[in-house]
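Coordinate analysis (summary)
Here are the chains, one letter per residue:
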Amino acid sequence: MHHWLPDHQLGVAATLSHADELVGQVADVLFAYQTRPDGTFELEEQLAFPNTRTVVTHVAPMPRKVPLLVADALVALRAALEHALFAEVEFRDGTLNEKAARTVEIPASRRAEDFESWAQGRVKNGPASLHPGSDLVKRIEGLQPFNRKDAQNHPLARLVLHTNHAKHRTPAVTAIRIAAMYNEDLMPRSLRSLPPRPEVPLRVGDVIAETPFGTRVPVAIFPTVGINRPGTDRWPVLMHELEEISHWVRTQAVPRLVTGMEPPMPELPTRYDIAVGHVDERRAISAGSTMSAADRHKQRLRAASVRIDMVDTLGQMDGSPSAEQIAAWLDHLTDEEVLERMSRLKPTYTYNPDFALRNFEVLKEMRDEAVAFGADGAAGD
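Everything quoted here is computed from the prediction, not taken from an experiment.

**What to know about the packing of aromatic side chains**
This structure, assessed with the given rule, holds two aromatic pairs. Residues Phe 115 and Trp 118 carry aromatic rings whose centres are separated by 5.3 Å and whose planes lie at 25 degrees to one another, so their mutual orientation is stacked. Within this pair, Phe 115 and its partner Trp 118 are both found in helix 4 (residues 112-120), separated by three residues, close to a single helical turn. In this structure, Phe 115 and Trp 118 share a single accessibility class: buried. Arranged with centres 6.2 Å apart and planes meeting at 50 degrees, the rings of Phe 115 and Phe 146 form a pair that is tilted.

Here is the structure:
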């Protein structure tokens, strides 16, 4: 029941839930963009004797809704921290006057001396709980980027970088880029094992592959959407950036700020129903979801890819129904059900007769499910 969260901090769970809903809206727009029937970009083979180049000839425009929603989500995450701090200060010091209220903020100091200056700045007009050396200031200090060697990559540093840019300049800049690419004849054990691709947006005219003329190399390409970190040439995967920052705020920053200890259990939910009022807010929070919007998006994309692949795979088996019927069967399954069936298949990086036989049996079971689904549909007509 999250007994570690005091009553005066219950509102932070709602703010975090709102942030996850916004990330979910980002994911919805991205899903529609990333699963466009005509793809997110187009390629063309061009002769550059003695080689052939694969050149980008078109990139689908990014929906403007994406960067606007990203900015909203990041601002909500920053608000969760700021609101939690303000609630904690007022709980300790009582209602603040306007001058004192303006000093209540979460800094993002990359150097220890910068944080010391921030703390000294609270002495004159700040509330007592934010004076240098106080318990609350020590909690804030523990969240600062300077505690890590790569301070610029600290989640708080990134959060403030993005939100300051969005508030004072322009919304986040997002673009399609290639996350991974490999020769289909040399299938890797996982995408993580592939050499990292350059973090650059995909542009018309980019050459993504070059092979000797007359040589055909089947290549698998995994596009994704990146976000530019303001003032840098970094383009991390957008949903990864949102997930890393939101996970830190929810599981590290807020609990440490509220308790001053190692994050207690259970963790705050990623989301609970904030569209209705609750007589028992704690119970509603405890009944919330533990899956983040970013994880749901990842699952949704994987399921969409599996549906496409399985229509082709099952359609080649003897006794299979039509491709349309297989697709209809797969569409009626939830994403979780599709991925559960896919998980029954064992990866075969090298030929293993036991795995091959087991996989064939699993595919037959799926084919029979599709056949039965079609028969039930026909009987109901």
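**A look at helix 5 (residues 135-142)**
Taken residue by residue, helix 5 has Leu 136, Val 137, Arg 139 and Ile 140 as its buried positions. Down the axis of helix 5, the buried set is contained in an arc of 155 degrees. They therefore lie on one face. Exposed and facing more than 90 degrees away from the buried side of helix 5 are Lys 138 and Gly 142. Looking at the packing, one finds that the buried side of helix 5 touches helix 2 (65-93), helix 4 and helix 7 (238-259).

**Considering the domain arrangement of the protein chain**
The extent of an interface is frequently quoted as the accessible surface area lost upon association of the parts. Split by domain assignment, the protein chain resolves into domain 1 (1-289) and domain 2 (294-379). Each partner contributes residues to the interface: domain 1 has 14 residues there, and domain 2 has eight residues. Carbon and sulfur atoms supply 57% of the area buried between domain 1 and domain 2, which totals about 1,100 Å² over both sides. Our count for the contact surface shared by domain 1 and domain 2 stands at two salt bridges. Its salt-bridge partner being Arg 296, residue Asp 20 comes within 2.8 Å of it at the nearest N-O pair. One can count three residue pairs in polar contact (both at pLDDT 80 or more) joining domain 1 with domain 2. Contributions of two or more residues to the side of domain 1 that touches domain 2 are made by helix 1 (10-34) and helix 7. Sort the elements by how many residues they give to the side of domain 1 that touches domain 2 and helix 1 lands first, with seven residues.

**Considerations on the side chain of Arg 78**
Tracing the chain through its elements places Arg 78 in helix 2. By relative accessible area, Arg 78 is classed as buried at 17%. With residues up to four places along the chain from it excluded, the contact list for Arg 78 reads Leu 159, Val 160, Thr 163, Asn 164 and Lys 167.

**A short note on empty space enclosed by the protein**
Scanning the model with the defined rule gives one cavity of 30 Å³ or more in all. Within this model, the largest cavity holds a volume of roughly 120 Å³. Considering the residues around the largest cavity, the lining is formed by 13 residues, among which Asp 20, Ser 246, Arg 250, Thr 270 and Ser 292 are closest to the centre. Those elements giving two or more residues to the lining of the largest cavity turn out to be helix 1, helix 7 and helix 9 (293-315).

**Re the sheet that holds strand 2 (residues 51-59)**
If you walk across this open sheet you meet the three strands as 1-2-4, and the pairing is antiparallel. The open sheet terminates on both sides in strands that have one partner only, identified here as strand 1 (41-48) and strand 4 (207-212). Pairwise comparison of adjacent strand axes, ignoring direction, gives a mean angle of 25 degrees for this sheet. In the sheet, strand 2 pairs with strand 4 via five bridges, with the strands oriented antiparallel. Looking across to strand 4, one finds that Thr 52 is bridged to Thr 211.

**A closer look at the pairing of strand 2**
In the sheet, strand 1 pairs with strand 2 via eight bridges, with the strands oriented antiparallel. Pairing of Glu 44 across the sheet is with Val 55, part of strand 2. Linkage of strand 1 to strand 2, two consecutive antiparallel strands, is achieved through a turn of two residues.

What counts and how
Think of each chain on its own: its residues are numbered from 1, step by step along the sequence as written. Only residues with pLDDT of 70 or above have their local features reported here, since the model is predicted, and side-chain atom pairs are shown and tallied only from 80 upward, although totals for entire chains, interfaces and linings are computed over all residues. Hydrogens and water molecules were not included; the side-chain quantities draw on all heavy atoms of the structure. Aromatic rings from Phe, Tyr and Trp, with only the six-membered ring used for Trp, were paired whenever their centres fell within 6.5 Å, and each pair was classed as stacked if the ring planes differed by under 30 degrees, edge-to-face if by over 60, and tilted otherwise. Each helix is a run of DSSP H or I of at least 4 residues and each strand a run of E of at least 2, with the numbering of both proceeding from the N terminus. When accessible area is computed with a 1.4 Å probe and restricted to protein chains, residues below 20% of their type maximum are described as buried, those above 50% as exposed, and intermediate ones as partly exposed. As used here, the arc is the angular range of directions from the helix axis to the C-beta atoms. Residues are treated as being in contact if the distance between any of their heavy atoms lies within 4.5 Å. Domain start and stop positions are those given by an automatic or database domain assignment. Buried area adds together the accessible area that both of two parts lose upon being put together, with accessible area traced by a 1.4 Å probe. Whenever a carboxyl oxygen of Asp or Glu lies within 4 Å of a side-chain nitrogen of Lys or Arg, that contact is scored as a salt bridge. Under the rule applied, a polar contact is a pair of N or O atoms within 3.5 Å (in protein, one hydrogen donor and one hydrogen acceptor; residues adjacent in sequence only if both atoms are side-chain atoms). Both site types are read off a 1 Å grid over the protein atoms alone. A 1.4 Å probe that fits but cannot get out defines a cavity, while an open set with protein on both sides within 12 Å along at least five of seven lines defines a pocket; lining residues have an atom within 4 Å of a point. Grid points are joined across faces, edges and corners, and a volume is the space filled by probe spheres set on the points. Here a strand pair is declared whenever DSSP counts at least two bridges between the two strands. Only the stretch in contact is used when a helix axis is fitted, and all axes are lines through C-alpha atoms; the angle between N-to-C directions ranges over 0 to 180 degrees.

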